[in-house]
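Structural features, examined
What follows is each chain in one-letter form.
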Amino acid sequence: MDDRTIGRAGFLGILGAGALGLFFARDVTGVLGRVVPNSVSSVVPTNGSWRIYTVASMPNIDPAAYKLSVDGLVSSPKTFTLADLKAMPRAEQVSDFHCVTGWSVQNVHWGGVRLHEVLDRAGALKSAKALTFVSAEVPYVDSLTLDQALLPDVMLAYDMNGKPLSRAHGAPVRLVMPEMYGYKSVKWVNHIDVRSTADYGYWEQNGYDKDAWLGRSNGFGV
Ligand SMILES: Nc1nc2c(c(=O)[nH]1)N[C@H]1C(S)=C(S)[C@@H](COP(=O)(O)O)O[C@H]1N2
Ligand SMILES: [Mo]
């Protein structure tokens, strides 16, 4: 058990769990974390190290030229610069990261923005039910339903462990979806297509489990 994580529940109370039975809380500094460690972390004995993945070639994006476009089922399609994203309310969290191939990195500190910040500005329509995250690394892509994307610990991250996200980890902006296997956490995201259905992503089309929730697939299920 992770005592530090459990201890957080005592600070500022428990935030929404939603229908998914996930519980979150903020520590004294306001950083979000999971109250109950997920079953996956509790059977992973050591804190591993990252493997850097690409399927084509690693984009080299000038942060000053970066643009995130948000379009599809929205009332006003928008394009955000990195400065625009940084001007939005900042979100921070500590979460674990699990690749379905069996490695994990625990207690990663992320900084960025929640999805609702960009969706509110673009005005998601009633028919909007899912988001497709498109990487500058063509053809990498993956999707979340709107409900999944709006979980308290899902974010567009531009900082990792107190520093700007590195190129290898998806600079300047990647998706972080800690409740699901790492293939959902699209790196070098530069386009969010708001859609009516969540289409399968790159790895789901290439044999990875279509149910990406932690513990349900191969790897560390209990
Ligand atoms: N653009 C892009 N995003 C990606 C991938 C990739 O190959 N390309 N790999 C995914 C997988 S399978 C994992 S486990 C994580 C790995 O994150 P890292 O490369 O920062 O360690 O990125 C995910 N996002
Ligand atoms: Mo992965």
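Residues numbered from 1 in each chain as written. Chains lettered and ligands numbered in written order. Predicted model: local features only at pLDDT ≥ 70, side-chain atom pairs only at ≥ 80, totals over all residues. Heavy atoms only, no water.

A word on the site of ligand 1. With respect to spatial proximity, 20 residues lie near ligand 1, and among them R51, E137, H169, R174 and K187 are the closest. For ligand 1, a nitrogen atom lies 3.1 Å from a polar atom in the side chain of S135. The backbone of S185 places a nitrogen or oxygen atom 3.0 Å from a nitrogen atom of ligand 1. Here ligand 1 has 520 Å² of accessible area as a free molecule, and 99% of this is covered by the chains. For the shell around ligand 1, the class distribution of residues is 11 nonpolar, 5 polar and 4 charged. The two domains that each donate at least three residues to the shell around ligand 1 are domain 1 (8-54) and domain 2 (63-206). (Near = heavy atom within 4 Å. Polar contact = N/O pair within 3.5 Å; in protein donor to acceptor, adjacent residues only side chain to side chain. Areas by Shrake-Rupley, 256 points an atom, 1.4 Å probe, with all protein chains shown as cover. Nonpolar A, V, L, I, M, F, W, Y, C, P; charged D, E, K, R; others polar. Domains from an automatic or database assignment.)

Applying the stated criterion across every chain, the model contains 8 salt bridges. Here E117 and R121 are joined by a salt bridge, their closest N and O atoms 3.0 Å apart. Of this pair, E117 and R121 both sit in helix α5 (residues 115-122), 4 residues apart, which is roughly one turn of that helix. Overall, the relative accessible area of 11% leaves E117 in the buried class. We classify R121 as partly exposed; its relative accessible area is 34%. (Salt bridge = Lys/Arg side-chain N within 4 Å of Asp/Glu carboxyl O. Helix = DSSP H or I, 4+ residues; strand = E, 2+ residues; numbered from the N terminus. Buried < 20%, exposed > 50% of the residue type's maximum accessible area, 1.4 Å probe, protein only.)

Once that is clear, we can look at the nonpolar core. Ranked by internal contacts, the top residues of the largest apolar core, which has 42 residues, are L68, L115, V118, F133, L156 and I192. Listing elements by their share of this core, those giving two or more residues are β4 (67-72), α4 (82-87), α5, β8 (130-135), α6 (146-149), β10 (155-160) and β13 (189-195). Broken down by element, the residue count for this core peaks at 4 residues, all from α5. Excluding residues within four positions of it along the chain, L156 makes contact with L68, G111, G112, V113, L115, V118, F133, V173, R174, L175 and I192. Grouped together as the second largest cluster of nonpolar side chains are 12 residues, A91, V108, W110 and V176 included. (Core = buried A, V, L, I, M, F, W, Y, C linked by side-chain atoms within 4.5 Å. Contact = heavy atoms within 4.5 Å.)

Pairing within the open sheet is mixed, and its 5 strands lie in the order β5-β4-β13-β8-β9. A single partner strand is all that each edge strand has here, and the edge strands are β5 (78-81) and β9 (141-145). Going from strand to strand, the sheet's axes swing by 20° on average, the running direction of each strand aside. Two strands pair when backbone bridges link them, and β4 and β13 are joined in this way by 4 bridges, in the parallel orientation. Its bridge partner being in β13, G72 is matched across the sheet by V194. (Pairing = 2+ DSSP bridges. Axes fitted to C-alpha atoms, helices over the stretch in contact; angles between N-to-C directions.)

Our next topic: unusual backbone geometry. P139 follows V138 through a cis peptide bond whose omega is 10°. Here P139 is to be found in the loop between β8 and β9. With omega at 5°, the peptide bond leading from A171 into P172 counts as cis. By the element assignment, P172 lies in the loop between β11 (163-164) and β12 (174-176).

To continue, consider α5. Here α5 has its buried residues at L115, E117, V118, L119 and A122. One or two residues past the end of α5 sits G123, with phi positive at roughly 70°.

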